[in-house]
Amino acid sequence: MKRKKMRLNPFRKEKCDKIKEMLSSYIDKHLSPQDEEEVRTHLAQCKGCRREFESLTSTVELLHRTPTITPHPLTMALPSKFVDLLAHRKAFPRPSYALPATILAVLLSGGALLFYLNPGGFITKPTGEEAVEAIIHSPVEVGLAKSPSSLFRVASPQEGENLVQNSSFEEGELNFPYYWQRAAIYTPGLELSWDRGVSHSGSASISIRNGDTFNLYPNNWRQVIRDIPINKHLVVSGYIKTEDLSRNGVVAVLLRCLNSEGKLVEFATTQAGWGEFSGTRDWTKVGADIVSPDGTVEIQVVALLCGTGQVWFDDIELIAK
Amino acid sequence: MAEEKESEISRARQGDLDCFNHLVEKYQTQAYNLALRMLGNHYLADEATWDAFFKVWTGIHSFKGRNFKAWVLCIVANSCRDQLRKGKRNHVIALEIDLCASSDESPEEYALRQELGEEIQKGLNSLHPDQRLAVILRDMQGLSYEEISQVMNCSLGTVKSRLSRGREGLRDHLVSRELLGARFRLK
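Residues numbered from 1 in each chain as written. Chains lettered and ligands numbered in written order. Predicted model: local features only at pLDDT ≥ 70, side-chain atom pairs only at ≥ 80, totals over all residues. Heavy atoms only, no water.

> Explain unusual backbone geometry to me, please; I cannot follow it from the model alone.
Comment: phi is negative for the bulk of residues other than glycine, and the bulk of peptide bonds are trans. One non-glycine residue with positive phi stands out, namely Phe169 of chain A, at about 60 degrees. With respect to the helices and strands, the residue Phe169 of chain A is situated in the loop between strand E2 (153-154) and strand E3 (172-173). By relative accessible area, Phe169 of chain A is classed as buried at 0%. The phi dihedral of Asn153 of chain B falls on the positive side, at around 55 degrees, and the residue is not glycine. Summarising the element assignment, Asn153 of chain B is placed in the loop between helix H7 (145-152) and helix H8 (156-176). (Helix = DSSP H or I, 4+ residues; strand = E, 2+ residues; numbered from the N terminus. Buried < 20%, exposed > 50% of the residue type's maximum accessible area, 1.4 Å probe, protein only.)

In structure tokens:
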């Protein structure tokens, strides 16, 4: 006996297609009362469409169950600090010869750095609050002064004078070049060292090596200079060499002007572009300039790495123009 | 929009950092999660979130809309599109979406949940970015259709259509991986 071939009723197919178009909105109760009733009635009669509806509902339920990811504390803090920086920049405009690229770089990365380096600023309240606290209160190791005078020297800059002590890192003892301090969150794989085998000039430099992909804190060497006269045009420069620096790694020399309350009032970075030192690069000169605004009582010269790989710094100078 | 919020935005627009920071604090998790689901990668999501908040800050003077959240998410979505255009997807590492576990879960259920998480992100990645955005905004972030239309700058009809296509695409992906129950498998 010849079996009769089943043929889908074209009117029914058209109806099913129409209903399927409405299923997504039906799930969200976003149909008119008439359409909703039409879908409900059809689903009660049509097994195929009902299965379609149930599979879509299951998919939506799965999506509803996906949790919200809490961003890394640093990520959460970045935009805020970043804005803090911009506001300072607005309040204390740089000279017209400021490099747009420098500003861009600050926008791209400076916030992360500042978050670490500006304990007086705004702090978000992320879930990982402890981690954020750890960054702010990260230990700054006390360095060594060559003479009995304070490690934080008082500057009375003359025209053309270099305000940075021990610029070439030639002098020091133990594992410290004189006048420089280390500030870091130490995890296995991180090392800040006084390297007496690699240099741009002389025989020594400072180095930061980080092999820990989870340590993306802006670990740094820094020198603090106190009592800077205000409204001085200051130019910072230095040489940087990198090896196997991660693509998103940030390497820079920063200048930070702080007021008597320890609050940041001006900021500059030598970073001229995103990932500019990624990979391996031989000694390259970098620079930035700044005008120390009213109220500046302290300048910090900071050489930092935020990323993985190794970086050396040498001949870091701060010249008063 | 609540009066308090409106005044906060207005003060942020005048350069009040505390207010702006408060707004950032309020929306950054949502912004970050949108970028994360759109791009499937923490690093790219970081970049897109950063980029977006910078644009929010520089463009807050021009904000004249009524829904600040939708405006912020619109900027985040555009930053994600920029990332996708740059071809950075080559570097995308599959992101595992960890579905919320039930309390009495067996090892088999745990394994299935892990696989589901991975496949959901793969399924999202396979969608057209507009469909992906609609699905994320609606089903993962719980926005209303009206808000989605503001974020995507399109009509309600287009939202419905993109959402419908996106859900179907994701459903088909999960069914083809046999992760949505035998009864839903394609013939």
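Still to come is the rest of the account.
> Where do I start with the environment of Arg81 of chain B in this structure?
Residue and element names in this part refer to chain B. Topologically, Arg81 is positioned in helix H4 (residues 68-85). Judged by relative accessible area, which is 22%, Arg81 ranks as partly exposed. Between the C-alpha atom of Arg81 and that of Asp130, which follows or precedes it by 49 residues, the distance is 9.5 Å. Setting aside its immediate chain neighbours within four residues, Arg81 contacts Asp130 and Leu133. (Contact = heavy atoms within 4.5 Å.)

> Please explain the nonpolar core as it appears in this structure.
Within soluble globular proteins, side chains that are nonpolar tend to cluster in buried spots. Counting 59 residues, the largest nonpolar core has Leu34, Phe68, Trp71, Val76, Leu124 and Leu137 of chain B as the members making the most contacts within it. Among the elements that line this core, the one with the most residues is helix H2 (residues 17-39) of chain B, at 12 residues. If near-sequence neighbours (up to four positions away) are discounted, Leu137 of chain B is found in contact with Leu34, Leu73, Gly142, Leu143, Ile148, Val151 and Met152 of chain B. Ala204, Val253, Val286 and Ile316 of chain A belong to the second-largest nonpolar core, a separate cluster that totals 38 residues. (Core = buried A, V, L, I, M, F, W, Y, C linked by side-chain atoms within 4.5 Å.)

> Would you mind showing me how to read the sheet that holds strand E12 (residues 279-291) of chain A here?
Across a sheet, paired strands are connected by hydrogen bonds in the backbone, their directions being either parallel or antiparallel. Residue and element names in this part refer to chain A. Spatial ordering of the open sheet is given by E6-E7-E14-E9-E12, a layout of 5 strands whose pairing is antiparallel. Two strands bound the open sheet, and with one partner strand each, they are strand E6 (190-195) and E12. Within this sheet the neighbouring strands show an average axis-to-axis angle of 20 degrees, counted without direction. Pairing of strand E9 (residues 233-245) with strand E14 (residues 309-320) involves 9 bridges; the strand directions are antiparallel. Along E14, the bridge assignment pairs Ser237 with Glu317. (Pairing = 2+ DSSP bridges. Axes fitted to C-alpha atoms, helices over the stretch in contact; angles between N-to-C directions.)

> What is the right way to look at the packing of aromatic side chains in this model?
Describing an aromatic ring pair means giving the distance of the ring centres and the angle of the ring planes. All chains considered together, the criterion is met by 6 aromatic pairs over all chains. Ring geometry for Phe63 of chain B versus Phe68 of chain B: centroids 5.3 Å apart, planes at 85 degrees, classification edge-to-face. We note that Phe63 of chain B, like Phe68 of chain B, is buried. For Arg196 of chain A, the ring lying beneath its charged end belongs to Trp194 of chain A, and the centroid distance is 4.0 Å. In this structure, Lys241 of chain A packs its charged tip against the face of Trp312 of chain A, placed 5.5 Å from the ring centre. (Phe/Tyr/Trp six-rings, centres within 6.5 Å; stacked < 30°, edge-to-face > 60°. Lys NZ or Arg CZ within 6 Å of the ring centre and 35° of its normal.)

> It is not clear to me how the pairing of strand E10 (residues 250-258) of chain A should be interpreted in this structure. Could you clarify?
Here is the key point about a regular strand: its side chains alternate between the two faces of the sheet. All names here are of chain A. Burial analysis of E10 places 9 of its 9 residues in the buried class, the great majority of the element. Sheet topology note: the E10/strand E11 (residues 264-269) ladder contains 5 bridges and is antiparallel. Paired with Arg256 across the bridge in E11 is Phe267. Between the end of E10 and the start of E11, which pair antiparallel, lie 5 residues, with Gly262 showing a positive phi angle near 80 degrees.

> Sorry if this is basic, but what is going on with helix H6 (residues 129-140) of chain B here?
The α-helix winds at 3.6 residues per turn, so residues separated by three or four positions along the chain end up facing the same way. All names here are of chain B. Among the 12 residues of H6, 10 are classified as buried, and the element is accordingly described as predominantly covered. Among all positions in H6, only Asp130, Arg132, Leu133, Ala134, Val135, Ile136, Leu137, Arg138, Asp139 and Met140 are buried. Taken from the residues just after H6, Gly142 is the one with a positive phi, measuring 70 degrees.

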